[in-house]
Amino acid sequence: MEISNYDDWNDGLDFRPTYSYFCEKCGYKGTFLKKATDPETGLSYTIAQDCECKVEYIAKMRMKAAGIHPSYRDLDCKKELNEKEQQALDKFYDFYKDENKIAKNLLVYGPNQSKKTKFLAVASKYLIMKSLNLTVKYITFHDLLLTINKTWKTGDYSEVEEFYSYDILIIDKVEAGTHFVKQNMNMVTFNSIFDKRDLEQKPTIVSCGKLDDLDYINLDAGRFIPREMK
Ligand SMILES: [Zn+2]
């Protein structure tokens, strides 16, 4: 049965949680069922498959929630990331599938024109598209320190505690120059975010201009897999 009288909302994409939906964009009707086999048990089962519009739409909503700038949300991961970069991110993502692996942080460094922010945005979209259950948060170093600094006045640490919980935390533009770095208590809290995340096996992605920047804020470069961008 064709369902065509749904209210017009969300650009004509209707993803209400019904057993079947009708996508006005691609004309996809109902839930598409796909056969799959469990590699361990060999058992066959049927899974519900969403149309690409729905997957892309949910990914975009998650990009928005993650704090990724709108101009980066539409980028095509397959075009923007080369095969090697995709493999590296797949490896990074694998930590979530194997409990025995130790999560590693990623460090992206290079000069200002090396498009680190764009790379981080595309990488986070790629990870979100791989698993829509993953929570990703993007924040600049400056805004993170601003949030930390605010807690000294308000006494409310809930905003800072949120940074412990994201599956992947991306801290962009780490630099020694900002005046917040000179306030020791800010940096103690900043480092505690890394300690807590490391303990819980939650990886963090950091970007900076040069490796020396990490020394100034007492972050051990040994905690990261480095990736230089030129
Ligand atoms: Zn569709």
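Residues numbered from 1 in each chain as written. Predicted model: local features only at pLDDT ≥ 70, side-chain atom pairs only at ≥ 80, totals over all residues.

Here's the deal with the overall build of the chain
So, step 1. Secondary structure summary: the chain contains 9 helices and 7 strands in total.
So, step 2. A total of 230 residues make up the chain; the buried ones form 23% of that total.
So, step 3. Of the contacts formed within the chain by residues at least 6 apart in sequence, a portion of 73% connects residues at least 24 apart. (Helix = DSSP H or I, 4+ residues; strand = E, 2+ residues; numbered from the N terminus. Buried ≥ 20, exposed ≤ 12 C-beta atoms within 10 Å, placed from the backbone. Contact = placed C-beta atoms within 7 Å.)

Regarding unusual backbone geometry
Where the residue is not glycine, phi is negative for most of them; where a peptide bond is considered, it is trans in most cases.
So, step 1. If you check the backbone angles, K173 has positive phi at about 60° while not being a glycine.
So, step 2. For Q201, which is not glycine, the phi torsion reads 60° and is therefore positive.
So, step 3. Its location among the elements puts Q201 in the loop between α8 (184-199) and β6 (204-208).
So, step 4. C-beta crowding within 10 Å serves as the criterion here: with 14 such atoms nearby, Q201 is assigned to the partly exposed category.

Overview of the sheet that holds strand β7 (residues 224-228)
Whenever strands of a sheet pair, they do so through backbone hydrogen bonds, lying parallel or antiparallel.
So, step 1. Here 5 strands make up an open sheet; going across it, the order is β4-β5-β6-β3-β7 and the pairing parallel. With one partner strand each, in any of the chains shown, β4 (136-140) and β7 form the two edges of the open sheet. Here the average twist between neighbouring strands, direction ignored, is 15°.
So, step 2. Summarising the sheet, strand β3 (residues 105-109) and β7 pair through 5 bridges and their orientation is parallel. For N105, the partnering residue across the bridge sits in β7 and is F224. (Pairing = 2+ DSSP bridges. Axes fitted to C-alpha atoms, helices over the stretch in contact; angles between N-to-C directions.)

Some points on the packing of helix α4 (residues 83-94) against helix α5 (residues 116-130)
The axes of two packed helices give the description: the angle between them and the distance between them.
So, step 1. Here α4 crosses α5 at 55°, and the two axes come no closer than 11 Å. In terms of orientation, α4 lies oblique with respect to α5. Viewed along their axes, α4 and α5 form a crossing whose handedness is right-handed. Between α4, through Q86, L89 and Y93, and α5, the contact on the second element is made entirely by A123, Y126, L127 and K130.
So, step 2. Its residues placed into classes, the contact of α4 with α5 shows 5 nonpolar, 1 polar and 1 charged. (Parallel < 35°, antiparallel > 145°, perpendicular 65-115°, else oblique. Left-handed = near helix turned anticlockwise from the far one by under 90°. Nonpolar A, V, L, I, M, F, W, Y, C, P; charged D, E, K, R; others polar.)

Comments concerning the environment of D215
So, step 1. The topology assignment puts D215 in helix α9 (residues 212-216).
So, step 2. For the pair formed by D215 and A176, sequence separation is 39 residues and the distance between their alpha carbons is 8.8 Å.

A short note on the nonpolar core
So, step 1. With 36 residues, the main nonpolar core has V108, L120, V136, I170, I171, I205 and V206 as its most contacted residues.
So, step 2. When residues of this core are traced back to their parent elements, those giving at least two are α1 (52-66), β3, α5, β4, α6 (141-154), β5 (168-174) and β6.
So, step 3. In terms of residue count, α5 provides more of this core than any other element does, 8 residues in total.
So, step 4. Once residues within four sequence positions are removed from consideration, I171 is found in contact with I139, F141, L144, T204 and V206. (Core = buried A, V, L, I, M, F, W, Y, C linked by C-beta atoms within 7 Å.)

Brief notes about the packing of α6 against α8
So, step 1. Running from N to C, α6 and α8 point in directions that differ by 115°, and their axes come no closer than 10 Å. Here the hand of the crossing between α6 and α8 comes out right-handed. Residue-level contacts link L145, I148, N149 and W152 of α6 to M185, N186, T189 and F190 of α8.
So, step 2. Per-class residue counts for the contact of α6 with α8 are 5 nonpolar, 3 polar and no charged.

Topic: the confidence of the model for the chain
So, step 1. Of the residues in the chain, 85% reach a pLDDT of 70 or more, and the chain-wide mean stands at 81.
So, step 2. Ranking the elements of the chain by mean pLDDT puts strand β1 (residues 32-37) last with 74 and β4 first with 93.
So, step 3. Within the model, the stretch residues 1-10 combines pLDDT values under 50 with 6 contacts to residues more than four positions away or in other chains. (pLDDT = per-residue confidence, 0-100.)

What to know about the environment of R62
So, step 1. Relative to the assigned elements, R62 resides in helix α1.
So, step 2. Residue R62 is classed as buried on the basis of its C-beta count, with 21 C-beta atoms lying within 10 Å.
So, step 3. When residues no more than four places from it in sequence are discounted, the contact partners of R62 are I128 and L132.

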